[in-house]
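What the coordinates show
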Amino acid sequence: YAFALGNTRQLRADLQAWAVDALAQHRTFHATFLFGCFPHPSESTTQQTSTVVPQQQPNSLTATVTIECPPTRLYDASGARVTTTIVTTATPDDITTLVTQTRTTNPCLPMLAGNPGLLEKIAAFVGIVVGAELQSTRAMGPAFAAIDWEAHDQDWDGSEGPG
């Protein structure tokens, strides 16, 4: 590449564009993955709602009957796992329904906690600049700004090539 014919202005612009893009990808990855999905411990919150319907007329039940539906599990828009259970109890006097919702934030990534360097390995795997390459890429902007490009931007005829 040392004596190849080319446009130094275009090469410099391409290198600067690549560095800006690489840093933007790093910031996007950092903001969405590292902060959005950081492997902090999961937390659960439980909310219970009870509804009692009194019987207007006595029913034919002689004992208490309890029916428990299997739990349903889904993920909400934030990625939290929501588990809902419903238990209905019928007595001769009333019918009671108890709905329990348990919302667990960050249900999957706590298993990554305690593994130093794992998130950086994931970043490197998906093509995000990290480590020494990231430091070098960040240094490109000030390095390009410090160079006097006037002498380098003159047209080159190639006559000074290897002898």
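Bear in mind that the values here come from a model prediction, so they are computed numbers and not experimental data. (Residues numbered from 1 in each chain as written. Predicted model: local features only at pLDDT ≥ 70, side-chain atom pairs only at ≥ 80, totals over all residues. Heavy atoms only, no water.)

**Overview of the overall build of the chain**
How we decide: The numbering of helices and of strands both runs from the N terminus, where a helix is a DSSP run of H or I of at least 4 residues and a strand a run of E of at least 2. Per-residue accessibility, obtained with a 1.4 Å probe over protein chains only, is compared with the maximum for each type, and a residue is labelled buried under 20%, exposed over 50%, and partly exposed between these values. Any two residues whose heavy atoms approach within 4.5 Å are treated as being in contact.
Helices and strands together make up the secondary structure of the chain, namely 3 helices and 5 strands. The order of α-helices and β-strands along the chain, N terminus first, is α-β-β-β-β-β-α-α. Here the chain, with 163 residues, has 17% of them falling under the buried criterion. In the chain, the proportion of contacts linking residues at least 24 apart, taken out of those at least 6 apart, comes to 67%.

**Thoughts on the pairing of strand β5 (residues 94-105)**
Note the following rule: Pairing between strands is defined by DSSP: at least two bridges between the two strands are required.
Note: strand β4 (residues 81-90) against β5, 10 bridges, orientation antiparallel. Considered in β5, the bridge of T83 is made with T102.

**Observations concerning the side chain of H26**
Structurally, H26 is set in helix α1 (residues 8-34). When its relative accessible area of 11% is taken as the criterion, H26 is described as buried. Ignoring sequence-local partners within four residues, the contact set of H26 consists of I128, V129, L134 and R138.

**Quick word on helix α3 (residues 131-146)**
Selection rule: To estimate the expected span of a helix, count its residues, drop one, and scale the result by 1.5 Å. Axes are fitted to the seven residues ending at a residue and to the seven starting at it; the angle between these axes is taken as the bend at that residue.
In this model, α3 (16 residues) spans 23 Å end to end at C-alpha, consistent with the 22 Å of a helix rising 1.5 Å per residue. Along α3, the sharpest change in direction is near 35 degrees and occurs at M140; proline P142 comes one to four residues later. Within the span of α3, buried status applies to L134, T137, M140 and F144.

**Overview of the environment of T62**
With respect to the helices, strands and loops of the structure, T62 is situated in the loop between β1 (43-54) and β2 (65-68). Residue T62 is classed as exposed on the basis of its relative accessible area of 79%. Between the C-alpha atom of T62 and that of T91, which follows or precedes it by 29 residues, the distance is 7.7 Å.

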